[in-house]
Each structure stands twice: as C-alpha cells, then as structure tokens.
Amino acid sequence: MLTRLRRRWGAFPLSVQLVAILAALLLLGLATAGTTTLTVLRAHLVHQLDDELTSSARSLGQNTVDQLMAGRNEQPVLPSDYYVRVEVDGKVDQIINHQAEERFGVPRVPRLDLDDLDDELEPVTLDGAGSAVDWRAVTLPVSAVRGGPTVGAVTVALPLASVDLTIARTGRLLVLSGAAIAGVGALAAWFAVRRSLRPLREIEATAGAIAAGDLSRRVPTPPPTTEVGSLARSLNVMLAQIEQSFAAQQASEQRMRRFVSDASHELRTPLATIRGYGELYRMGGVEPDGVGHAMSRIESEAKRMGTLVEDLLQLARLDEGRPLDLRPVDLTAVAADAVADLRAVAPGRPATVVPLAATGDAGADATVPPVVVTADGDKIRQVVANLVGNVLQHTPAGTPVEIAVGQPEPEWALIEVRDHGPGIAEDDAPRVFERFFRVDPSRTRSSGGSGLGLAIVAAIMGAHHGGVRVLPTPGGGTTVQVAAPVAGPPPAPVPAGEGDEAQPAPAHDGDEAQPAPASTTPRGRSPHASPAAHPKGATAATAEQAPPAAEQAPPAGVADRR
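Residues numbered from 1 in each chain as written. Predicted model: local features only at pLDDT ≥ 70, side-chain atom pairs only at ≥ 80, totals over all residues. Heavy atoms only, no water.

### Some thoughts on the sheet that holds strand β9 (residues 351–355)
Move 1: On the basis of which strands lie adjacent, the open sheet formed by 5 strands has the order β9-β11-β12-β14-β13 and mixed pairing. The outermost strands of the open sheet, each flanked by one partner alone, are β9 and β13 (467–472). Across the sheet, the mean angle from the axis of one strand to that of its neighbour is 20°, orientation sign disregarded.
Move 2: Sheet topology note: the strand β12 (residues 412–419)/strand β14 (residues 478–485) ladder contains 7 bridges and is antiparallel. Bridged to tryptophan 412 within β14 is proline 485.
Move 3: Docked against the sheet, helix α8 (residues 331–345) engages β9, β11 (401–409) and β12, running at close to 160° with respect to β9.
Move 4: Across the sheet, helix α10 (residues 453–463) touches β13 and β14, and the angle it forms with β13 is around 135°. (Pairing = 2+ DSSP bridges. Helix = DSSP H or I, 4+ residues; strand = E, 2+ residues; numbered from the N terminus. Axes fitted to C-alpha atoms, helices over the stretch in contact; angles between N-to-C directions. Contact = heavy atoms within 4.5 Å.)

Shown next as structure tokens:
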C-alpha cells in the first residue's frame, strides 16, 4: 500500500509536490494555531466563570438555606442562570430559574459525603441531566445556624453554554479564516514555485533542443550562488565537453572516411596496372620482346604500392602510440648525414648545414655546435629524410637547400629545412600535413609522392610531444620548422600497484603520445594562427598532443622567424 502511494506521489510533477507540501504545512500550522487558540480561550472563559461562581456561591447558598430553614412558602428566586441544590438531613431541594431550566436543564450532581466536605471552593465540571450542556459547580457545607455543626450541603452551579457557544463561534471563524489563508497561500506558493522552477523548465527545454540535435544550445545561467545557477553552470561545462567530443568524433569519422577513400584511390591505380598487365599477358597480348617491359611495369607498380602500404602501416603504428626507442640523438649529426645523402642523390644541388641564427641567414661555413635531444633516432632521421625528399620532389633542380639546427631555449631544439623554390601558397600551407594532401589539384603522380610524407613527419613529432609547421623562407621558398623537447616526451606514469616493475600503460589510456590526425593539428598553420593555443608564439604542437602543463612551451619568438 505504501509502495503504491509512493509511486503515485512520485508520478506528480515537482511543482505539484512542492505546492502540496507547502499547503499541507500551512494547514498544519493553522490547525495547530487554531487548536491552541481555542484551548487557551476555553480555559480563560472557564476561569472567568469559576471566578464568578466562587464569588457568589457562599452568600447565595447560605441565603437559600436560610430561606428554606425558615419555612417560607415561596421558593427563592435565583438571579440569572444559577442552579442551587440543597441537601439537608436527606431532603433535597433544587432551585433554578424556570427559563434557565428550559434552556440548559439541570446538572447531574453526584452523591455527596458530608464528612469529606470542607470550606474550600473548588469548581468541578458536571454533566447535564436531560441536555448536552455541561455545568461548573461548587459544593460547600451548611449548618442550621451560622457557626453551628454541618447539617447538609449546598451545590451552586452555572452552565457552560456561553463558553461552548463562544468556542464554537470562534472555531468556525478560525476554520473559515484558515481555509481562506490556506487557499491564498497555496495559490501564492504555486506562483512562487512556478517562478522558482522556471530555470529548470529552461534546462528542460534546452535538453530537448540538444536531444533534437542542436548541440550548440546552452542553459541560461542564473547567479552561481544559487543551486540552479550552480547546476546550470555545471551543465554548460558538460554540454561544451559533449559538443567538443561529438565534433571530434564527427571529424574523426570524416577523416577516417576520407583516409579510406584516399587510400583506396592511391592503391587502385597500381593494382589496376598490375592486373591489366597480368590479364594482357594471360590473353597473349604481350609480344615476346615486350615481356620485360611488362614485368618492369608490374614490378615498379608493386614497389610503389608496397611503399604506400609501408607508409600507411607506419601511420597506423604511430596512431596506436607504440613506445619510442628514446636515446640521445645529435640533431647536428642527423642534419649532416641528410646533407651528405642529398649531395649523393643530387650533386648539382647546393646543400649546407647552418646554425639557427635569429635572422635565419648564417654563413655556409659557420660552425654548428652539437644539439643533443632525447628522441627516437630512426624516426628523427626519417623526419629529416622526408623533408629533404619533399624538397627534391617539389623544387627545381639546382635549388639550394639549407638545414638549420639550433637550441634557442634550454628546453627546446629546432631543425629548419629551408629551400628557395617556388614556395607553397598561403591557402595550401595549413593543409600540407594532412594525409594524402597534395598541392597539385589534379592529383597526378608525376612528382612521385602519395601525400603521406609530411603527414608522417607530423605524426612522428606528435609522438615526441614536439611540433612542426610551414613558414615562408626569406627571399622566397618554403621553410619547414620542427621543434623537439630536449628532454624527450614525458615518461608514461607508473600504473597503480605495479611498483618498480611497472609496465608501460596501454596506448588507449592516453599515457603514450598519440599523434593528432592531420586535419586537427595546427602544425601547418600560418605563423600567426591560433595564438591562444601557443601563447609564446612557438612552434605549433598538435592540438590533441600538446606538451603537458608541467612542460614549457616551445621557445618564444620562433613563430616570428622568417
């Protein structure tokens, strides 16, 4: 039964419950006040009646006894509504006004014990005989002569009808006024509750709009000192995080769809070439002297497809956050090896290693001091190799190349690969680190690239908690700037309970560096992009894998270097 009542009560709206509770409390308070008022009023009226009764009982009772003892024929006439009962020597006489007897009847006087009577007048309440009216009465002993022995008793009483009438009228007045007050109070409570719950209705409306797909809606915020204001502020923070998460999820899905589409597009051409030459050979369409050419084309397309698959596999491994082989790496030595390789591949192209000067125009014969960082040496070499290879593919033969190395701040080291070619358009610069993005809108492969080289660079530097971006080279050309923390990426936290033998935490826990997808990283932005994300104007780190707060930001002023 109680469970059913609780369910029914819980089915009512909160406003109805609050109004019902307030009305019930108001009624309870009014009932308590009314009951207390009636009790005190009745006690006061009865006390007044007792005072009147005790002040006149002795004289009235003695006079009545004297008249009866004198043997007068006429019955004494009593004032007002008094009732007098005289009991002497077993004879009982009752004296009362005729009109009072018709209205109130007479009291029911109990049997008296003369031995227990005393002169103290203590009123008592007696039931009425033949009516519902109660009486207040006092009983006192009487004697035949004043001062003589007790021969009987006299009872003097007054009806409580006036008291009951006053109490009844007052009670009705209190009930009517209480009902009116409760009604007005309930109505006022309804408006007050509705007004107080208006922010909750706005929250409800906002939640409905968000459920309908409008994730940009926010809850109006009352003063934060109120409970609803604190709730609204917390909800807005939660909604902002949900919107960001949803947007990130949508962006991730779009990137994944684009990635799959681009990968399929890149793999379709070599597969079609291999299949075409295979079918042509099977059908006898290849002349004996053309078999070598056909096999050469199949081999070259297979190699290109293998290179593309290797790049995709490397990006997938970087996305998984696999541990890096961190060791001391001399960036100056890496740059020198890259320059030597470039001279071997393109002897006619000037290539030098220069120090990282504030003006960016140090001499070719300047001495470059060693710059040692904690990093994965193979991946750092791949970063420089990809950047140098990118210069070879997209700049005319003979274009000079400079690799600048320096440590502008104790915590950060920089490598800049500078060319003096045609440069990159300002509109394309923010997208050069996207996967499968090529500046050539026709998507031809005459340059030999698949659009993954710079994406791999961005992913590797994101895994190192560093950054990379494109800057214009002074005098024309493109500079790709890479920043790496000297101390290396922060170590993974020790899992609880592992002690000294703790193993690296899983990548999905966020402890390993997770490179950001290309479309969400600001690495390729212009020097003035996203100043809020890089307060010191330093090399841009990935949006999702920026260095922790405990680490310092990349060196100040780097973003302004031209």
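This is not the end of the story, as more comes after the structure.
### Here's the deal with the pattern of salt bridges
Move 1: Within this structure, the stated rule accounts for 10 salt bridges.
Move 2: Ionic pairing is found between aspartate 50 and arginine 136, a salt bridge with its closest N-O pair at 2.6 Å. Placement of aspartate 50 in helix α2 (residues 14–70) and of arginine 136 in strand β6 (residues 135–143) is noted, with a sequence separation of 86 residues between them.
Move 3: Overall, the relative accessible area of 12% leaves arginine 136 in the buried class. (Salt bridge = Lys/Arg side-chain N within 4 Å of Asp/Glu carboxyl O. Buried < 20%, exposed > 50% of the residue type's maximum accessible area, 1.4 Å probe, protein only.)

### So, unusual backbone geometry
Move 1: With a phi angle near 60°, histidine 465 is a residue other than glycine that sits in the positive phi range.
Move 2: For histidine 465, a relative accessible area of 8% puts it in the buried group.

### Quick notes on the nonpolar core
Move 1: Counting 49 residues, the largest nonpolar core has Leu331, Leu387, Ile403, Val405, Phe433 and Val468 as the members making the most contacts within it.
Move 2: Leu53, Leu60, Leu140 and Val142 belong to the second largest nonpolar core, which has 21 residues in total. (Core = buried A, V, L, I, M, F, W, Y, C linked by side-chain atoms within 4.5 Å.)

### Structural notes on the packing of helix α4 (residues 161–196) against helix α5 (residues 198–211)
Move 1: Running from N to C, α4 and α5 point in directions that differ by 45°, and their axes come no closer than 4 Å. The angle between the axes of α4 and α5 places the two elements in the oblique class. In this structure, α4 uses Arg194, Arg195 and Ser196 to contact α5, whose residues at the interface are Arg198, Pro199 and Arg201. (Parallel < 35°, antiparallel > 145°, perpendicular 65-115°, else oblique.)

### Some points on a nonpolar patch on the surface
Move 1: Together, Trp9, Phe12, Val16, Ile21, Leu22, Leu25, Leu28, Leu187, Trp190 and Phe191 give the surface a local cluster of nonpolar side chains, amounting to about 960 Å² of exposed area.
Move 2: Residue assignment for the nonpolar patch shows that the elements contributing at least two residues are α2 and α4.
Move 3: Broken down by element, the residue count for the nonpolar patch peaks at 5 residues, all from α2.
Move 4: Note on placement: leucine 22 falls in helix α2. (Patch = residues over 30% accessible without salt bridge, like charges linked within 9 Å, V, L, I, M, F, W, Y side chains within 5 Å. Areas by Shrake-Rupley, 256 points an atom, 1.4 Å probe, with all protein chains shown as cover.)

### Some points on the pairing of β9
Side-chain direction in a regular strand flips from residue to residue, so the side chains alternate between the two faces of the sheet.
Move 1: In terms of burial, β9 is a largely internal element, 4 of the 5 residues being buried.
Move 2: Pairing geometry for β9 and β11, over 5 bridges, is parallel. Along β11, the bridge assignment pairs valine 354 with alanine 404.

### A word on the side chain of aspartate 419
Move 1: Structurally, the position occupied by aspartate 419 is in strand β12.
Move 2: Buried within the structure, aspartate 419 lacks any salt-bridge partner; arginine 349 is the closest side chain of opposite charge, at an N-O distance of 7.5 Å.
Move 3: Contact partners of aspartate 419, with chain neighbours within four places excluded, come to Val391, Thr395, Pro400, Thr473, Gly476, Gly477 and Thr478. (Lys, Arg positive; Asp, Glu negative; His and termini not counted.)

### Focus on the pairing of strand β1 (residues 83–88)
Move 1: Counting buried positions along β1 gives 6 out of 6 residues, so the element sits mostly inside the fold.
Move 2: Neither face of β1 is left uncovered, since the one carrying Tyr83, Arg85 and Glu87 and the one carrying Val84, Val86 and Val88 both have all their residues buried.
Move 3: In this structure, β1 lies alongside strand β2 (residues 91–96), joined through 6 bridges in antiparallel fashion. Along β2, the bridge assignment pairs valine 88 with lysine 91.
Move 4: Linking β1 back to β2 in an antiparallel pair, the connection comprises 2 residues, with aspartate 89 at a positive phi of about 55°.

Remember that the coordinates give geometry; whether it matters functionally is a separate question.
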